[in-house]
Amino acid sequence: MPAWLKLLTGLAATALLARAAWFFEGSTLLADLGGRAAIVMLRHGVTDGSIGWANDDGWISRTARLHGTATPATRAAITAEVARLPGIHSVAWQTPQ
């Protein structure tokens, strides 16, 4: 087998394994972070809340995009508390458009 074909096969296998690892481990991480953020929202009385992890372009990140019915003071309290959770990079409250 030519060296270039071995290299190409190795790169393809590495990319496939990396994608599979992100799919399984990444979704586990986001589920854990989302569960902890949901507990914070429920503790503040937001029962219709949800947490999104994708930005407008569809990229997934550790930025929690919160949705739900809450007063501005409650939103600020939830945003501050969720921002302190380990593993969350940043928090934004998304308002309906």
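You'll find the structure just up there.
Right, let's walk through the structure included here. (Residues numbered from 1 in each chain as written. Predicted model: local features only at pLDDT ≥ 70, side-chain atom pairs only at ≥ 80, totals over all residues. Heavy atoms only, no water.)

Description of the pairing of strand 2 (residues 60–67)
Note the threshold: We treat two strands as partners when DSSP finds at least two bridges between them. Secondary structure is summarised from DSSP: a helix means a run of H or I of at least four residues, a strand means a run of E of at least two, and numbering begins at the N terminus for each. Whether a crossover is right-handed comes down to one check: with the strands pointing away from the viewer, does the path from the first strand over the helix to the second run clockwise; if it does, it is right-handed.
With four bridges joining them, strand 1 (residues 50–54) and strand 2 adopt antiparallel strand pairing. Within the sheet, the bridge partner assigned to Ala54 lies in strand 2 and is Ile60. From the end of strand 1 to the start of strand 2, which pair antiparallel, there are five residues, and Gly58 there has a positive phi angle of about 95°. Pairing geometry for strand 2 and strand 3 (residues 90–93), over four bridges, is parallel. For Thr63, the partnering residue across the bridge sits in strand 3 and is Ser90. After leaving strand 2, the chain enters helix 2 (residues 72–83) and then returns to the sheet as strand 3, a path that is right-handed.

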